[in-house]
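Structural overview
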Amino acid sequence: MMTKHVPLDPFRFEQLRDSAALPLDGIRLRRLLARGGHDGAALTVSGHERSGRNRLYLVSGGGRPRLIAKQSLTFPGTERWFYRHAAAHVACALTPVLLDDDLDVVVLPEVEAAVPLAGEGASGLERTMAGLSTLGPALASLHGLVDRLPAIPPARSPFPTLDPVDVRIWADCTPGAREVIRTVQDVPALNDAFHTSLAGAGTPALIHGDLKPDNILLPPPSPVNATTGDASDTEPTRLLLVDWECCGRGAAEWDVGALLGAGVLAWTRLWTLGASGGAPAPALPDPRAIFRSGAALLEGYREAAWGMHPPRPVLEAAPVARHMAAWIAGRCWVEAGLTPRALGPHHQTALALAQEIAECPQLLSGGGA
């Protein structure tokens, strides 16, 4: 008798262990909020989204600010663990309104007018790079919690292992995904970087795990006083990190490498769009600006880590570069699996850059060409 294999789409690879919790719906959500002190009958529940990884609801009404209710389908319980045990110690995290163990639901306040750090076009890329360069102290503080919180679960990888030995994975791959596997396997430095990164090798830390500009929110600027013309809040606008379902004990270098790898992939999209004649070539930032942002991030991380009690280990450029190359390869693999086509030009360019980064990690510290 032939065995029927479940197609291993990249976004579904870790979803075969679906949540045991009851599916979240409007009725259960209203009951849950009513138990938390909200007027369930006065609430409007909308925006239901069953994505590959979450169920999301927007809750409004009752004379209160709008809320976001989220039930994770990928790694049940992880995000709820973060908001219960760690979020109070993380300045760049939202404060939960309500947590429920039975439904595995996290209810968070909506940050009105906040936008993802990921932007469109060349100006958006510049905004992304400027934001990333400031995240060093926040990440050092987050990573340092590994020594303060008990029973931290292991971090989850947003990517499956690229293992062509598994016939099921190979058979279910699109042509583009197979090309990524061949590229990784044919470049020893990239292959080693990918597999050691996914194995969690690096400086022990409490990490976000799926850190990318889409998961970083930029709140609106502080309101301006009409009389003085000054911002009413003298504190600088802080970036907020969201989507913590992959968080846990892992390698600190993975978080930083993922951020910079996302910058590389965004740059290659814009560069190949202009080079192909599909649109006027945008006035792109110099690609070395990504590495300069990385150097600024590492410097801010280093200063914050040295100021901690006890001091945290600083992150060196070479291991961060290897994790950065691994993230680029993994993201190309995921995107190439979404449609049955060959790799796009920007994926091919990004993989070439990943190979160069894996073979010459000194690029991140300003060395190399």
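The structure reproduced in this document is the subject of the present report. (Residues numbered from 1 in each chain as written. Predicted model: local features only at pLDDT ≥ 70, side-chain atom pairs only at ≥ 80, totals over all residues. Heavy atoms only, no water.)

For the rest of this paragraph, the subject is the overall build of the protein. Helices and strands together make up the secondary structure of the protein, namely 11 helices and 10 strands. Buried positions account for 47% of the 369 residues belonging to the protein. For the protein, contacts bridging at least 24 residues in sequence account for 71% of all contacts bridging at least 6. Entry remark: accessible area of the protein is about 17100 Å², with carbon and sulfur atoms responsible for 56%. (Helix = DSSP H or I, 4+ residues; strand = E, 2+ residues; numbered from the N terminus. Buried < 20%, exposed > 50% of the residue type's maximum accessible area, 1.4 Å probe, protein only. Contact = heavy atoms within 4.5 Å. Areas by Shrake-Rupley, 256 points an atom, 1.4 Å probe, with all protein chains shown as cover.)

You can see Thr268 is positioned in helix H8 (residues 252-275). Within polar-contact distance, the side chain of Thr268 engages the backbone oxygen of Leu265 at 2.8 Å. A distance of 3.5 Å separates a polar side-chain atom of Thr268 from the backbone oxygen of His346. Setting aside residues up to four positions removed in sequence, Thr268 forms contacts with His346, Thr349, Ala350 and Leu353. (Polar contact = N/O pair within 3.5 Å; in protein donor to acceptor, adjacent residues only side chain to side chain.)

By secondary structure assignment, the location of Ser293 is in helix H9 (residues 288-306). A relative accessible area of 9% places Ser293 in the buried class. Sequence-distant contacts of Ser293, defined by excluding residues within four places in its chain, comprise Met129 and Ser133.

Next up on the list: the pattern of salt bridges. The tally for this structure, following the rule as stated, stands at 11 salt bridges. Among the salt bridges present, the one from Lys70 reaches Glu245, with a minimum N-O distance of 2.9 Å. Taken together, the positions of Lys70 in strand E3 (residues 64-72) and Glu245 in the loop between strand E9 (240-241) and strand E10 (248-251) put the pair 175 residues apart, joining distant regions of the chain. Since its relative accessible area comes to 5%, Lys70 is described here as buried. (Salt bridge = Lys/Arg side-chain N within 4 Å of Asp/Glu carboxyl O.)

This part is about the sheet that holds E9. Within the open sheet, the three strands sit side by side as E6-E8-E9. Their pairing is antiparallel. The two strands at the open ends of the sheet, each matched to only one other strand, are strand E6 (115-116) and E9. Here E6 pairs with strand E8 (residues 216-218) via two bridges, running antiparallel. Bridge pairing links Val115 to Leu218 in E8. (Pairing = 2+ DSSP bridges.)

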